[in-house]
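Structural overview
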Amino acid sequence: MTSFETKLLHNRHKFDPATGGVSVPIHPASTFHQSNIDQFGKYDYSRSSNPTREALEDFIASLEEGTRGFAFSSGMAAISTAFLLLSQGDHVIISEDVYGGTYRMITEVLSRYGIEHTFVDMTNLRSVELAIQPNTKVFYVETPSNPLLKVTDIKAISELAKEHHALTFVDNTFLTPAIQKPLTLGADVVLHSATKFLSGHSDVVAGLAVVKDEKLGEKLGFLQNSFGAVLGVQDAWLVMRGIKTLSVRIQQSSASASKIARFLDTHPLVRHVYYPGLSHHPQYDLQSTQAKGSGAVLSFELENEQVLRSFVENVQIPVFAVSLGAVESILSYPAKMSHAAMPEVERKKRGITNSLLRLSVGLEHPEDLINDFSHALQKSEIHSVTQGGAR
Ligand SMILES: *Cc1c(COP(=O)(O)O)cnc(C)c1O
């Protein structure tokens, strides 16, 4: 078996068989000439199938150890299309601090089509069991979750789902197959916002889905073609270029994230650091058994909102933006960015407060980031004093 790192570069698509070109050809054709009235070729129309998109679909299927991959125009298109496997009257059990767009889809769109849901803390298997209904058809897991980095036991949830003849969907955006492979742990559908680590350069919006079961693959392929939210060929090519360096990027970023998490963890103005690589994280052991690392995303709660505002104003290196998983570090404010779609009461219930920041660590030197944060925190200290900073 070739290692994951080598598979990123040496695979069926390493060169173009027609020319030897060491880059997957971009086929912009929307339609394909058929030479015979009785026998059509493999490709007919690019919504249904296109050689460039297919190369990416094969690539992600192999990296996730599935049988079929599907590329979509965004992570939300992948997630929404996977939800179309459900029918009216079905019920979904879903991680409570799920990505804001997924929250919006399930609460405001699917609810109109008679698809029911229950949000649960997926780290607590007992509450998952209690939420099961006769019509539960999907267990939807995001692990580590966004933005509180809660870790769900993929194997345990998948087993529970199988007992109840339901499917397990796992959003693997935060870790990618370089660190975690949900299909090998029993999940049925792996979902990605390829906009993030897989592409890695903040320059493309894309989504992917992978399945292992061939029948499920047929169904999802049918839905991809029916709904039609496919990825364009230029973007498919960009995602493939990004994936080649996935392993080195995520290893470097994860090592830096771990250093930064430890720095923030001891800082007096930081109330709490959420990172599954810290030994005080409640699912530290689970994370180290089900995944090969802790990833490059962490969140931290500051003393109060004033300290946060001052920190964001004074920090120099990271971009302050939505999104994650890029070569440059990205600092985001979940309450007003990724989770703006979630009403304030729901956010507060989940611990997504107005003093919480999420950091996606990029490829800068970790010491530069630590110095930058240290300096910005020092400047924020006054707000902790003037506000009383009660702990
Ligand atoms: C960004 C993100 C999505 C949505 O993906 P888009 O490409 O923005 O549509 C879904 N899940 C997670 C965990 C994400 O971070």
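Predicted model, so just to flag it, every value in this text is computed and none were measured.

A closer look at the overall build of the chain
Check the secondary structure of the chain and you find 14 helices and 12 strands. Counting only C-alpha atoms and orienting by the principal axes, one finds that the chain spans roughly 80 × 50 × 35 Å. As displayed, the chain offers around 16,900 Å² of accessible surface, 52% of which is attributable to carbon and sulfur atoms.

Observations regarding the side chain of Ser193
Inspection of the secondary structure puts Ser193 in strand β6 (residues 189-193). Ser193 has contacts with Gly75, Thr173 and Ala206, leaving out every residue within four places of it along the chain.

Regarding helix α4 (residues 100-109)
Where burial is concerned, most of α4 is hidden: seven out of the 10 residues are buried. For α4, the complete set of buried residues consists of Gly100, Gly101, Thr102, Tyr103, Met105, Ile106 and Thr107. Elements in contact with the buried residues of α4: α3 (75-83), β2 (91-95), β3 (116-120), β4 (136-142) and α13 (344-349).

Let's talk about the site of the ligand
Every one of the 14 residues lining the ligand counts as a neighbour, but Met76, Asp171, Ser193, Thr195 and Lys196 are closest to it. One nitrogen or oxygen atom from the side chain of Asp171 is found 2.7 Å from a nitrogen atom belonging to the ligand. About the coverage of the ligand: the protein hides 92% of its 380 Å² of free accessible area. At three residues, the largest contribution of residues to the shell around the ligand is made by α3.

Structural notes on the sheet that holds strand β9 (residues 297-302)
Within the open sheet, the five strands sit side by side as β8-β9-β12-β11-β10. Their pairing is mixed. Strand pairing shows two members of the sheet lacking a second neighbour, β8 (270-274) and β10 (319-320), which therefore form its edges. With two bridges connecting them, β10 and strand β11 (residues 330-332) associate as parallel partners. Opposite Val319, over in β11, you have Ile330 as the bridge partner.

Structural notes on the domain arrangement of the chain
The domains assigned to the chain are domain 1 (4-243) and domain 2 (246-386). Put simply, the middle of domain 1 and the middle of domain 2, counted by C-alpha atoms, are 27 Å apart. Counting residues at the interface gives 40 residues for domain 1 and 42 residues for domain 2. Note on domain 1 versus domain 2: buried area summed over both sides is about 3,300 Å², and carbon and sulfur give 62% of it. Considering only the side of domain 1, the residues that lose the most area to domain 2 are Leu148, Ile179 and Phe197, jointly responsible for 21% of the buried surface there. In this assembly, domain 1 and domain 2 are joined by zero salt bridges. Where domain 1 meets domain 2, there are 17 residue pairs in polar contact (both at pLDDT 80 or more). Taken together, the elements giving at least two residues each to the side of domain 1 that touches domain 2 come down to α1 (4-7), α4, α6 (154-163), α7 (176-179) and α9 (233-244).

As for the sheet that holds β6
The seven strands are arranged β1-β7-β6-β5-β4-β2-β3 in an open sheet whose pairing can be described as mixed. At either margin of the open sheet sits one strand with a lone partner, and together these are β1 (68-72) and β3. Strand after strand, the sheet turns through a mean of 20° between neighbouring axes, direction not considered. Across five bridges, β2 lies against β3 in parallel orientation. Looking across to β3, one finds that His91 is bridged to Glu116. Against the sheet, α4 touches β2, β3 and β4, its axis set at about 140° to β3. Across the sheet, α6 touches β4 and β5 (167-171), and the angle it forms with β5 is around 155°.

Examining the pairing of β2
For β2, a buried count of five out of five residues is recorded, marking the element as mostly surrounded by other parts of the structure. Where the polypeptide runs from β2 across α4 and back to β3, its parallel neighbour, the crossover connection is right-handed.

Side note on the environment of Ala187
Its place among the elements puts Ala187 in the loop between α7 and β6. Here Ala187 falls in the buried class, since its relative accessible area comes to 6%. Sequence spacing of Ala187 and Glu159 is 28 residues, and the spatial spacing of their C-alpha atoms is 8.8 Å. Once residues lying within four places of it in the same chain are set aside, the contact partners of Ala187 are Ile154, Ser158, Thr168, Val170 and Pro182.

Side note on the nonpolar core
Among the nonpolar cores identified, the biggest contains 67 residues, and Leu56, Phe83, Val92, Tyr140 and Leu191 are the most heavily contacted of them. Of all the elements, helix α2 (residues 51-63) adds the most residues to this core, at six residues. Composition of this core by domain shows at least three residues from each of domain 1 (4-243) and domain 2 (246-386). When sequence neighbours within four positions are dropped, the list of residues in contact with Val92 reads Phe83, Leu86, Ile106, Ile115, Glu116, His117, Thr118, Val138 and Tyr140. Grouped together as the second largest cluster of nonpolar side chains are 29 residues, Tyr275, Leu302, Ile370 and Phe373 included.

Let's talk about the pattern of salt bridges
When charged atoms on two side chains of opposite charge get close, those side chains can pair. Evaluated as defined, the whole model comprises 14 salt bridges. The closest approach of N and O atoms between Lys42 and Glu54, which form a salt bridge, is 3.0 Å. Placement of Lys42 in the loop between α1 and α2 and of Glu54 in helix α2 is noted, with a sequence separation of 12 residues between them. A salt bridge links Arg126 to Glu129; the shortest N-O distance between them is 2.9 Å. Of the two residues, Arg126 and Glu129 are both situated in helix α5 (residues 125-131); the distance of three residues between them amounts to about one turn of the helix. What emerges from the salt-bridge pattern is a single network uniting Glu96, Asp121 and Lys150.

The rules behind the values
- Residues numbered from 1 in each chain as written.
- Predicted model: local features only at pLDDT ≥ 70, side-chain atom pairs only at ≥ 80, totals over all residues.
- Heavy atoms only, no water.
- Helix = DSSP H or I, 4+ residues; strand = E, 2+ residues; numbered from the N terminus.
- Areas by Shrake-Rupley, 256 points an atom, 1.4 Å probe, with all protein chains shown as cover.
- Contact = heavy atoms within 4.5 Å.
- Buried < 20%, exposed > 50% of the residue type's maximum accessible area, 1.4 Å probe, protein only.
- Near = heavy atom within 4 Å.
- Polar contact = N/O pair within 3.5 Å; in protein donor to acceptor, adjacent residues only side chain to side chain.
- Pairing = 2+ DSSP bridges.
- Domains from an automatic or database assignment.
- Buried area = accessible area lost by both parts, 1.4 Å probe.
- Salt bridge = Lys/Arg side-chain N within 4 Å of Asp/Glu carboxyl O.
- Axes fitted to C-alpha atoms, helices over the stretch in contact; angles between N-to-C directions.
- Right-handed = clockwise from strand over helix to strand, strands pointing away.
- Core = buried A, V, L, I, M, F, W, Y, C linked by side-chain atoms within 4.5 Å.

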